[in-house]
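Inside the fold
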Amino acid sequence: MTKPNTGEIDPQESARQELRSYGIGFVASLLLTVGAFAAALSDLPTVWKIIAICAAALLQIVTHMRNFLHLSFSVEQSREDLLLVLFSAMLLAIMAGGTWYIMSDLGGRMHGNSHEDRSTSLP
Amino acid sequence: MSADISPIFGKLDWSVTPYTDLLREVNSSTIVGAGAASVLVLGAIAAVALLTWMRWWGPLYRNWLTSADAKKIGIMYIALALVMMARGIIEGFVIRTHQSTALGTLTQPESGLVSPDHFAQLFSTHGTIMIFFVAMPLLIGLINFVLPQQLGARDMAFPVLNQVSLGLTAAGAGLVMISLLVGKFGTGGWTMYPPYTGIDYSPGEGVDYWLWAILISGVGSTLTGMNFAVTIFKERAPGMHFMRMPLFCWTSLCVAIMLIYAMPALTVSSGMLALDRYAGSHFFTNEAGGNMMNYANIFWMFGHPEVYILILPAFGVFSEISSTFSGKRLYGYTSLVIASMSIAVISFTVWLHHFFTMGQSAGVNIAFGIATMVIGIPTGVKIYDWMATMWRGRIRVTAPIVYLTGFFLLFVIGGLSGIILANPSIDYQVHNSTFLVAHFHNVIIPGVLYGMLAGIHYWFPKAFGFRLDEDWGRRTALLFVGGFVFTFLPLYVLGLMGLPRRSPTFQNPDFMPWMYIASFGAVLMLCALASLAWTFWTSYRNRLALAVPGGDPWNGSSLEWSTPAPVPEWTFPHIPHVAARDDWGECKRSGDPWKAPQDYVDIEMPANTAHGLLIAATASALGFAMVWHIWWLAALSFLAIPALLAWRGMQVIEPRIVPAGEVEEADRRFRTMMADLAPATRADEETERNRGRPDLSEFAG
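Definitions and cut-offs
- Within each chain, residue numbers correspond to sequence positions counted from 1 in written order.
- All chains are assigned letters beginning at A, and all ligands numbers beginning at 1, according to the order in which they are written.
- Residues qualify for local features only when their pLDDT is at least 70, as the model is predicted, and side-chain atom pairs are given and counted only at 80 or more; totals for whole chains, interfaces and linings, by contrast, use all residues.
- Side-chain calculation: all heavy atoms of the structure are included, whereas hydrogens and water are not.
- Only DSSP runs of H or I covering at least 4 residues are called helices, and only runs of E covering at least 2 are called strands; the numbering of each starts at the N terminus.
- For every residue, the accessible area obtained with a 1.4 Å probe (protein chains only) is divided by the maximum for its type, and the residue is called buried under 20%, exposed over 50%, and partly exposed between those limits.
- When checking whether two residues touch, look at their non-hydrogen atoms; a contact exists if any pair is within 4.5 Å.
- Methods summary: accessible areas were calculated by the Shrake-Rupley approach with a probe of 1.4 Å, and residue burial reflects only the protein chains presented.
- For this measure, only C-alpha atoms enter the radius of gyration; the expected value for a globule follows 2.2 Å times N^0.38, where N is the number of residues.
- For patch detection, residues must exceed 30% relative accessible area and be free of salt bridges, and they are connected within 9 Å for like charges or within 5 Å for nonpolar side chains (Val, Leu, Ile, Met, Phe, Trp, Tyr).
- The working definition used for a salt bridge is a side-chain nitrogen of Lys or Arg within 4 Å of a carboxyl oxygen of Asp or Glu.
- Stacked, edge-to-face and tilted are the three classes for Phe, Tyr and Trp ring pairs, Trp counted by its six-membered ring, which pair at centre distances within 6.5 Å; planes under 30 degrees apart are stacked, over 60 edge-to-face, the rest tilted.
- Two limits define a charge over a ring: the Lys NZ or Arg CZ must be within 6 Å of the ring centre, and within 35 degrees of the ring normal.
- A 3.5 Å cut-off defines polar contacts: any pair of N or O atoms within that distance qualifies, except that in protein one atom must be a possible hydrogen donor and the other a possible acceptor, and neighbouring residues in sequence count only when both atoms are side-chain atoms.
- Defined in terms of a 1.4 Å probe, buried area is the accessible area two parts forfeit on being brought together, summed over both.
- Here the term charged refers only to Asp, Glu, Lys and Arg, the term nonpolar to Ala, Val, Leu, Ile, Met, Phe, Trp, Tyr, Cys and Pro, and the term polar to all other amino acids, Gly among them.
- Think of a nonpolar core as a cluster: buried Ala, Val, Leu, Ile, Met, Phe, Trp, Tyr and Cys residues, connected wherever their side-chain atoms sit within 4.5 Å.
- The disulfide definition used here is simple: a pair of cysteine sulfur atoms within 2.5 Å.
- The span expected for a helix works out to 1.5 Å for each residue beyond the first.
- Bend at a given residue is defined as the angle between two axes, one fitted to the seven residues that end at that position and one fitted to the seven that begin there.
- Note on scores: pLDDT gives the predictor's confidence for each residue, bounded by 0 and 100.
- Axis definition: a line fitted to C-alpha atoms, limited for helices to the stretch in contact. Angles are taken between N-to-C directions and run from 0 to 180 degrees.
- When an angle is under 35 degrees it counts as roughly parallel; over 145 it counts as roughly antiparallel; between 65 and 115 it counts as roughly perpendicular; any other value is oblique.
- If you view the pair so one helix is near and one far, a crossing is left-handed when the near helix is turned anticlockwise from the far one by less than a right angle, and right-handed when it is turned clockwise.
- Only protein atoms enter the 1 Å grid used here. Points where a 1.4 Å probe fits but cannot escape make up a cavity, open sets with protein on both sides within 12 Å along at least five of seven lines make up a pocket, and a residue lines them when an atom lies within 4 Å of a point.
- Grid points are joined across faces, edges and corners, and a volume is the space filled by probe spheres set on the points.

1. Considering the overall build of chain A
- Along chain A, the regular secondary structure elements total 4 helices and 0 strands.
- In chain A, the succession of helices and strands from N to C terminus is α-α-α-α.
- Evaluated residue by residue, chain A yields a buried proportion of 22% over its 123 residues.
- The long-range fraction of contacts in chain A, counting pairs at least 24 apart against all pairs at least 6 apart in sequence, stands at 57%.
- Carbon and sulfur atoms provide 69% of the accessible area of chain A, an area that totals close to 9600 Å².

2. Observations regarding the overall build of chain B
- When its secondary structure is counted, chain B shows 20 helices and 2 strands.
- Over its C-alpha trace chain B gives a radius of gyration of 25 Å, about what one expects of a compact globule, namely 27 Å for 701 residues.
- Along the longest, intermediate and shortest principal axes, the C-alpha atoms of chain B span 80 × 55 × 50 Å.
- For chain B, buried positions account for 58% of its 701 residues.

3. What about a nonpolar patch on the surface?
- Nonpolar side chains collect at one region of the surface, where A:Phe26, A:Val27, A:Leu30, A:Leu31 and A:Val34 lie side by side and expose about 510 Å² of accessible area between them.
- Positionally, A:Val27 belongs in helix α1 (residues 15–41).

4. Brief notes about the pattern of salt bridges
Residue and element names in this part refer to chain B.
- For the coordinates displayed, the defined rule picks out 13 salt bridges over all chains.
- The salt bridge partner of Arg 474 is Glu 686, with a shortest N-O separation of 3.0 Å. Taken together, the positions of Arg 474 in helix α15 (residues 470–497) and Glu 686 in the segment after α20 (660–676) put the pair 212 residues apart, joining distant regions of the chain.
- A relative accessible area of 18% means that Arg 474 is categorised as buried.
- Note that Glu 665 is salt-bridged to Arg 669, the shortest N-O span being 3.4 Å. With Glu 665 and Arg 669 both in helix α20 and 4 residues apart, this pair spans about one turn of that helix.
- On the basis of relative accessibility, which here comes to 51%, the residue Glu 665 falls in the exposed class.

5. Regarding the packing of aromatic side chains
Residue and element names in this part refer to chain B.
- A complete count under the given rule lists 45 aromatic pairs over all chains for this structure.
- Ring geometry for Phe 315 against Phe 407: centres 6.2 Å apart, planes inclined by 70°, an arrangement best described as edge-to-face. Linking Phe 315 in helix α9 (residues 293–325) with Phe 407 in helix α12 (residues 399–421), this pair joins segments that are 92 residues apart in sequence.
- When its relative accessible area of 0% is taken as the criterion, Phe 315 is described as buried.
- Judged by its relative accessible area of 0%, Phe 407 is buried.
- Chaining the aromatic ring pairs together yields one cluster made of Phe 132, Phe 133, Trp 190, Tyr 193, Phe 283, Phe 284, Tyr 295, Phe 299, Trp 300 and Phe 302.
- In this structure, Arg 543 is placed above the aromatic ring of Tyr 540, and the distance from its NZ or CZ to the ring centre is 4.2 Å.

6. Details of the environment of B:Glu686
All names here are of chain B.
- When its relative accessible area of 36% is taken as the criterion, Glu 686 is described as partly exposed.
- Linking Glu 686 and Trp 554, residues 132 residues apart in sequence, is a C-alpha distance of 9.7 Å.
- Discounting chain neighbours no more than four positions away, the residues touching Glu 686 are Val 397, Thr 398, Arg 467, Glu 470 and Arg 474.
- Side-chain polar atoms of Glu 686 contact the side chain of Arg 474, separated by 3.0 Å.

7. Some points on the side chain of B:Thr618
- Inspection of the secondary structure assignment puts B:Thr618 in helix α18 (residues 611–627).
- Not counting residues up to four positions away in its chain, the partners in contact with B:Thr618 are B:Ser637, B:Ala640, B:Ile641 and B:Leu644.

8. Concerning the interface of chain A and chain B
- Listed as interface residues are 20 residues of chain A and, on the opposing side, 25 residues of chain B.
- With both sides pooled, the region where chain A packs onto chain B buries about 2100 Å², and carbon together with sulfur makes up 73% of that total.
- Counting across the chain A and chain B interface gives 4 residue pairs in polar contact (both at pLDDT 80 or more).
- In the side of chain A that touches chain B, the residues fall into 12 nonpolar, 4 polar and 4 charged.

9. A look at the nonpolar core
- Counting 189 residues, the largest nonpolar core has B:Tyr450 and B:Phe480 as the members making the most contacts within it.
- Beyond its immediate sequence surroundings of up to four residues, B:Tyr450 is in contact with B:Phe318, B:Tyr403, B:Gly406, B:Phe407, B:Leu410, B:Ile445, B:Phe480, B:Val481 and B:Phe484.

10. Focus on the state of the cysteines
- Applying the stated rule across the entire model yields 0 disulfides over all chains.
- With no disulfide partner, B:Cys249 has as its closest neighbouring cysteine sulfur the one in B:Cys254, 11 Å distant.

11. What to know about α12(B)
- The terminal C-alpha atoms of α12(B), which comprises 23 residues, lie 32 Å apart, in line with the 33 Å expected from a rise of 1.5 Å per residue.
- By the largest-angle criterion, B:Phe408 marks the main kink of α12(B), which is about 30°.

12. Some remarks on the confidence of the model for chain A
All names here are of chain A.
- Counting all residues, the mean pLDDT for chain A is 78, and 76% of those residues have values of 70 or more.
- Per-element confidence in chain A is highest for helix α2 (residues 46–68), whose mean pLDDT is 90, and lowest for helix α4 (residues 115–121), whose mean pLDDT is 44.
- The model gives residues 1–7 a pLDDT under 50, and that stretch makes 13 contacts with residues more than four places away or in other chains.
- Low pLDDT, under 50, characterises residues 114–123; the predicted model gives this stretch 2 contacts beyond four residues in sequence or across chains.

13. Quick notes on the packing of helix α5 (residues 116–151) of chain B against helix α8 (residues 247–279) of chain B
All names here are of chain B.
- Put simply, α5 and α8 touch, their axes get as near as 10 Å, and they point 135° apart. Comparing the axis directions of α5 and α8 gives the class oblique. Crossing of α5 over α8 shows left-handed handedness. Note on element contacts: α8 touches α5 through Phe 248, Cys 249, Ser 252, Val 255, Leu 259, Met 263 and Leu 266, opposite Phe 132, Met 136, Leu 139, Leu 142, Ile 143, Val 146, Leu 147, Gln 150 and Leu 151.

14. Side note on the environment of B:Ala170
- Counting through the fold element by element, B:Ala170 comes out in helix α6 (residues 159–181).
- Remark: the alpha-carbon pair of B:Ala170 and B:Ser217, spanning 47 residues in sequence, is separated by 7.5 Å.

15. Some thoughts on empty space enclosed by the protein
All names here are of chain B.
- By the definition in use, this model includes 4 cavities of 30 Å³ or more.
- Quantified by volume, the largest cavity comes out at close to 180 Å³.
- Thr 324, Arg 396, Trp 554, Asn 555 and Glu 685 are the residues nearest the centre of the largest cavity, which is lined by 21 residues in total.
- For the second largest cavity, the calculated volume is near 80 Å³.
- Lining of the second largest cavity is provided by Tyr 403, Leu 453, Ile 456, His 457, Leu 468, Gly 473, Thr 476, Leu 532, Thr 535 and Phe 536.

16. Some remarks on the packing of helix α11 (residues 362–390) of chain B against α12(B)
Residues and elements named next belong to chain B.
- As a packed pair, α11 and α12 sit with axes 11 Å apart at the nearest point and diverge in direction by 155°. When the interaxial angle is binned, α11 and α12 end up roughly antiparallel. Between α11 and α12 the crossing geometry is left-handed. Judged by residue contacts, Met 373, Gly 376, Thr 379, Ile 383, Trp 386, Met 387 and Met 390 of α11 engage Ile 401, Leu 404, Phe 407, Phe 408, Phe 411, Val 412 and Ile 419 from α12.

17. Considerations on the side chain of B:Ser100
Residues and elements named next belong to chain B.
- Of note, Ser 100 is situated in helix α4 (residues 70–100).
- A polar contact of 3.0 Å, which involves the side chain of Ser 100, links it to the backbone oxygen of Thr 97.
- Here the side chain of Ser 100 touches Ser 519 through a polar contact of 3.2 Å, side chain to side chain.
- Ignoring sequence-local partners within four residues, the contact set of Ser 100 consists of Met 512, Met 515, Tyr 516 and Ser 519.

18. Brief notes about the environment of B:Cys254
All names here are of chain B.
- Here Cys 254 shows up in helix α8.
- A relative accessible area of 0% means that Cys 254 is categorised as buried.
- The residues contacting Cys 254, other than those within four sequence positions of it, are Leu 312, Ser 340, Met 341 and Ala 344.

In structure tokens form, the structure reads like this:
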């Protein structure tokens, strides 16, 4: 039984602060989402679009963790939370990395990036 | 599909029912279709009539549908699963019957009971129902019922969320059921691979039924996973360390973790396919940069953990019953915990073995093939642990033990055929054949189905206060074992002979003997289903003789056996202080376990609410409206869901207080009754003398 770390809303002291934190998180997430859509619809070069969308996505993850999941680097953070975050990161890495591995291999074999490859492999 | 869409009824009109098909053309296929729809309609009418006749609407609403009690929610999940299982097994029977009449010739290739399109709907609904609306509700229901009791908690961490999850699952199941009567279901199999299921090749409502059933129930399952995880982390009784939890709680934790991380992948792949179909996007289309192979990739990122979501609760059940019914302590507790957790993690690294033949290079296949073989190791460890638990135990051959024995024999065969398939070069030979069909039925039926039915048999007295009839329980178990052997082992042979899975017809007469054997097995499966229903009915009729008010009919060792049967809504009069693994067993060893607690306090229980019911209704309306393009209803119900959440969020909700006096009275009554009950020995377990108070001198677990 570890101590709770989510800080239940206490009407006397921290309710205002808690709500403010949730509010900031909500507005920030909204802006980052709108920003990603704006980037996709804009006239920027594709590379910049992708960079902007990825940056917005990463920032949004951080916002969710900070403002909604109450994770921080402070000492009070419980060990269980750290383990859960690391575990999530590992599984997401497996999924994202695995997808990259599989789909890039398939892509390479589908589109065969050079003519030499194709001519040598044919009988 | 006609281009004009009515603003009020969307694409719905009178031509969508199977009856119109029957009027258009009378043949065996349309008769089967109309017959199934009639069974659905008549069943619904009979249920409504029964509820009205018995005046059960009020009690049903007050005591069940609006209850936030995890135990009742669990029972409702299981009831839903059993209803869906009846449909699934009957569909399986029709599939087998069709194939045994499907021998065609080169000039007249198509024959058989149902038309090819109808056959495709049958295997698609069969798979969808069996995985999402039978196996999942069975295990989620069992966990809901058992987990809080084993942890020493009063309820789940989020009781109302639990209700919402049940509502969403039921909404998905309802959509699949409605597809029998209104319109058609998809024909792309339970995985619904694009591009075939894209809007170009499957323009009708069928795939949409699947999509919305999956999207809605998938959200429910994700929420359930979170609920389980938080319950296990935060609601354990004082002293219940992780390494003191019963094994079923451990496997529930694994399931919770996998639900949380795997279900979103399914929601994403289905959501992308829905966008392709509704919004004209190109995630999985042939043209415009779509890549349908990514669907298989994302789907199986969910799909493989799903396999272990299904099997792990059964492993938990087998851990409990192997120990209880052999009167021994569970062998290798720590190794079972480590094995369960390893399975949970490794199951996220093997998903490519579901599409070895999609065209990636050998190196990629080998990497995932090795991971697949590795996951067999912890599973093997478990089998040996259970066998060691039973070794030299005083085994009582109850129905759960029959299931366990069937599981030992058959699951190992299924596991070994899985190891064979894990080798990509062999997989190339037998993929997409009935060898594969035989393999996954060979792990899912002995694993999930036997495990869940054994669990239902084991915990049934805790829920309803009387045991299930052992003779009928054993007959059911044997029929399920025999039915499995006859139905699915021939499919291994047929697969090696070259019969592709899901084929509505074939031209090789050599298949026929095996087809007939498999059909005979399907008849046995139907008998098993009937026998299961009869078990419940005959036990209900003999409930006085089978009653076990003492609550501990099997001389168990985990906390749930310390309470009366049926268990009161507050479960424990006083939250127990846990001092050991198998705490109830330790209490038995140290003298009188049925001591009354020293004081009684008021107990807070979650108040009844219709929240889950309302969410379920709006979610069903949303799904149905989206399937039939009834946009006004879709928009309305889509907005109603956040409105309902906000409405509930703004209300002050008081818990229901059970006064200490009421708890004390009920508990004292239980204690005095316990003192009067005669202890039943092991030999008396199946007789009327077993009133739920076991002979403690025989306890050895």
